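Overview (structure and organization)
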Amino acid sequence: MSIRRITISVPAKLAARLKKAAGRGSVSAWVTALIEERLDDEELERLWQEWYASVHPSRADVRRADAILRKLGKASRRKKAA
């Protein structure tokens, strides 16, 4: 993997928080992992929105899916409580 150095400026308090969060590891590696995760999330959201727009679900489909998700959420909470 090719590495390119960039410089960013952050407030002193944020820099201290970054160092603390990275622990004994590299702040650069910690921030890089965070940025990669965020970019992956953004790409997945973009793809989801594209797919959702292409499917054109009806209101009834959305209500049915929401009901299924609520039911599944209740079932998983019951398992955790047991």
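Below or above, wherever it landed, is the structure these notes cover. Here the structure is a predicted model, which means the values were calculated and not measured. (Residues numbered from 1 in each chain as written. Predicted model: local features only at pLDDT ≥ 70, side-chain atom pairs only at ≥ 80, totals over all residues. Heavy atoms only, no water.)

1. Considerations on the overall build of the protein chain
A count of helices and strands for the protein chain gives 3 helices and 0 strands. Ordered by position from N to C terminus, the α and β elements of the protein chain give α-α-α. Considering only C-alpha atoms, the protein chain reaches an extent of 50 × 40 × 25 Å along its principal axes. Out of the 82 residues belonging to the protein chain, those deemed buried represent 2%. Counting every atom, the protein chain has about 8200 Å² of accessible surface; 58% of that belongs to carbon and sulfur. Taken as two groups, the 19 positive and 10 negative side-chain charges of the protein chain have centres that lie 11 Å from each other. (Helix = DSSP H or I, 4+ residues; strand = E, 2+ residues; numbered from the N terminus. Buried < 20%, exposed > 50% of the residue type's maximum accessible area, 1.4 Å probe, protein only. Areas by Shrake-Rupley, 256 points an atom, 1.4 Å probe, with all protein chains shown as cover. Lys, Arg positive; Asp, Glu negative; His and termini not counted. Charge placed at Lys NZ, Arg CZ, Asp CG, Glu CD.)

2. Considering the pattern of salt bridges
Counted under the stated rule, the structure contains 3 salt bridges. Linking Glu43 and Arg46 is a salt bridge whose minimum nitrogen-to-oxygen distance equals 2.7 Å. One end of the pair is Glu43 and the other is Arg46, both in helix α2 (residues 27–55) and 3 residues apart, which spans about a single turn. Its relative accessible area of 38% is what places Arg46 among the partly exposed residues. The closest approach of N and O atoms between Arg46 and Glu50, which form a salt bridge, is 2.2 Å. (Salt bridge = Lys/Arg side-chain N within 4 Å of Asp/Glu carboxyl O.)

3. Structural notes on a nonpolar patch on the surface
On the surface, a cluster of nonpolar side chains totalling about 380 Å² of accessible area is made up of Ile6, Ile8, Val10 and Leu14. Its location among the elements puts Ile6 in the segment before α1 (12–22). (Patch = residues over 30% accessible without salt bridge, like charges linked within 9 Å, V, L, I, M, F, W, Y side chains within 5 Å.)

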